[in-house]
Amino acid sequence: MEKIKRKINEESIWRQFFKLSIPIAIANFLQSAYSITDAFWLGRLNSESLAAVSICSSIVFLVISLGAGLFISGTVLISHHKGREDGEKINFISAQLIVLMVIVSLALSVLGYFVSPFLVKMIGAEQLIPYGVISYLQLFFVSTLFIFAFALYQALMRAMGDVKTPVYIILTTVLLNFLIDPIFIFGFGFIPQLGTEGAAMATLFCEVVNTLIVGYIFLKGKNGIVLKRENFKINWKMMKKILSIGIPSSMEQFSRSLGFVFIAFMVARLGTTSIAAYGVGGEILGLIMVVSMSFMMATSVMVGRSIGSGNFERAEAITKSVAKMSFWVITFLGILSFFFAEGISRLFVPNDPAVIAQSVQYLKIMSLFFGFLSMQQIFNGTFSGAGDTKTSMVLAIISLWILRIPTAYILSGILGFAGICWSFPVANTIAAGLGYLVFIKGKWRERALVHH
């Protein structure tokens, strides 16, 4: 055990961080490229189709959030046992996570498919039904199992330290998606123009390919995890442990995603132009989140390994170092977004001046405050890495439901679309301060997950 501790604790924080975060960032960027590709091509079809995908994204995030707890549980538990070099426990936990993932994803898939029409009406997007909004959503639900399978694979590989293989897999299917997306959207040869539904079909096909590749890797035992038949028998004690970490994480992500649905509802009341502009701004925010969450994921793994090896001081040093770096890197990206807001907007919607104008407004209001969002993410990554997912959940609820949504509601009544935009910097700046206060108070150290 002492040899393991030395190995983990002697490696430079920055060397370990960049080894993890850069491939994670590339993988996350490529994963987000699915929706960016859809937005890129659909924006050239018409703004209504772009709006349909934009409004669906809130529901998509809501559903994925319900499985997010599984992915975070996987990262936390496997990283802790990786810190202890307990290979048998890693194999056992991985199998239990796969069983739970299949159950949850299939339940969500069946339920979501049949309630899609209701969800579209609930968020007030009936005007987009002729543009395939329901079909797009239903095809997403069909793909839930494949999306969850690959997300769990990524979580396990992050914790194991293999962050490169997922990059190669995603790169392959993202390029495939970029090639087949316009064929399904605009039609080609015997394939008719399918518009929004075509974008969903192309993405579904690529997600299936992802899952088949991952299945092959697991069967060949090429990822450091050996899946044994006996480990797939449900162990209720382990399921309880997974859920004790995962449920607060899922509730955190669910509360965020549900909040985004509420905000999308506010935007939908302002018309199709605002919906499309919100979608364009959301794509850029998504890219910023890719970088920020990559830093957060790397932090979570490093903190988890440090705590698994019993070194809380290193876990604290990791958080302080990464939080400072993250703030300045993401702030710099925000400054670039501010000055290139119009060019970015025209890239997505080249022929709609009204959408471009509102997109520019959204980007300029948000961009200079991106750094505070990133700091908030790093503190949450530390709490999650320690296994204290309840603290992350509480902070997320405060950030969105107590700060951002009431602010968006009040200011939208006064400033319209700009009011919804301003709710972003207000909420995230205050939330970053709260996260810092909770971190320096140190209660997360007392609540850290202990393995017996």
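Residues numbered from 1 in each chain as written. Predicted model: local features only at pLDDT ≥ 70, side-chain atom pairs only at ≥ 80, totals over all residues. Heavy atoms only, no water.

1. Some thoughts on the overall build of the chain
A tally of helices and strands in the chain yields 17 helices and zero strands. Taking 2.2 N^0.38 as the reference for a compact globule, 452 residues should give roughly 22 Å; the C-alpha atoms of the chain span a radius of gyration of 21 Å, in line with that estimate. With the principal axes as the frame, the chain shows a C-alpha extent of 65 × 50 × 35 Å. In the chain, buried positions account for 58% of the 452 residues. Accessible surface, the chain as shown: approximately 18,700 Å² in total, 69% of it carbon and sulfur. Separation between the mean location of the 35 positive side-chain charges and that of the 22 negative ones in the chain comes to 8 Å. (Helix = DSSP H or I, 4+ residues; strand = E, 2+ residues; numbered from the N terminus. Rg over C-alpha atoms; globule rule 2.2 N^0.38 Å. Buried < 20%, exposed > 50% of the residue type's maximum accessible area, 1.4 Å probe, protein only. Areas by Shrake-Rupley, 256 points an atom, 1.4 Å probe, with all protein chains shown as cover. Lys, Arg positive; Asp, Glu negative; His and termini not counted. Charge placed at Lys NZ, Arg CZ, Asp CG, Glu CD.)

2. A closer look at helix H6 (residues 144–160)
Between the first and last C-alpha of H6 there are 24 Å, a value that for 17 residues agrees with the 24 Å anticipated at 1.5 Å per step. For H6, a buried count of 15 out of 17 residues is recorded, marking the element as mostly surrounded by other parts of the structure. (Expected span 1.5 Å × (residues − 1).)

3. Regarding the packing of aromatic side chains
Counted according to the given criterion, the structure contains 20 aromatic pairs. Relative to Tyr153, the ring of Phe150 has its centre 5.9 Å away and its plane inclined at 35°; by these criteria the two rings are tilted. Of this pair, Phe150 and Tyr153 both sit in helix H6, three residues apart, which is roughly one turn of the helix. Aromatic rings pair up to connect Trp14, Phe17, Phe18 and Phe295 into one cluster. Stacked on the ring of Phe338, the Lys or Arg Lys364 has its end atom at 5.1 Å from the ring centre. (Phe/Tyr/Trp six-rings, centres within 6.5 Å; stacked < 30°, edge-to-face > 60°. Lys NZ or Arg CZ within 6 Å of the ring centre and 35° of its normal.)

4. Some words on the nonpolar core
One finds Ile55, Phe71, Val133, Tyr153, Leu156 and Phe348 to be the most contacted residues of the largest nonpolar core, which totals 138 residues. Aside from chain neighbours lying at most four places away, what touches Phe348 is Ile36, Ala39, Phe40, Gly43, Arg44, Val280, Glu283 and Ile284. (Core = buried A, V, L, I, M, F, W, Y, C linked by side-chain atoms within 4.5 Å. Contact = heavy atoms within 4.5 Å.)

5. Regarding the pattern of salt bridges
It is possible for side chains bearing opposite charge to pair when their charged atoms get close. Applying the stated criterion across every chain, the model contains three salt bridges. We note a salt bridge from Lys228 to Glu88, for which the minimum N-O separation is 3.4 Å. Here Lys228 is found in the loop between helix H8 (195–220) and helix H9 (236–268), whereas its partner Glu88 is found in helix H4 (residues 87–122), with 140 residues between them in sequence. On the basis of relative accessibility, which here comes to 26%, the residue Lys228 falls in the partly exposed class. The closest approach of N and O atoms between Lys320 and Glu316, which form a salt bridge, is 3.4 Å. Of the two residues, Lys320 and Glu316 both sit in helix H11 (residues 312–339), four residues apart, roughly one turn of that helix. Glu316 gets classed as partly exposed once you look at its relative accessible area, which sits at 25%. (Salt bridge = Lys/Arg side-chain N within 4 Å of Asp/Glu carboxyl O.)

6. Remarks on the side chain of Ser392
Considering the arrangement of structural elements, one finds Ser392 in helix H15 (residues 389–415). By relative accessible area, which is 0% here, Ser392 ends up buried. There is a polar contact of 3.2 Å between the side chain of Ser392 and the backbone oxygen of Asn380. A distance of 3.4 Å separates a polar atom in the side chain of Ser392 from a polar atom in the side chain of Ser384. Non-local contacts of Ser392, meaning those with residues more than four positions away in its chain, are made with Glu252, Asn380, Phe383 and Ser384. (Polar contact = N/O pair within 3.5 Å; in protein donor to acceptor, adjacent residues only side chain to side chain.)

7. Details of the confidence of the model for the chain
Interpretation of the predicted coordinates at a detailed level should be avoided for regions scoring low in pLDDT. Averaged over all residues, the pLDDT of the chain is 84; the fraction at 70 or higher stands at 94%. In this model, residues 1–6 is a region of pLDDT below 50 whose contacts with residues beyond four sequence positions or in other chains number seven contacts. (pLDDT = per-residue confidence, 0-100.)

8. A short note on the side chain of Asn210
Along the chain, the position of Asn210 falls in helix H8. With sequence-adjacent residues up to four places away left out, Asn210 is seen in contact with Tyr34, Phe150, Ile169, Ile170 and Thr173.

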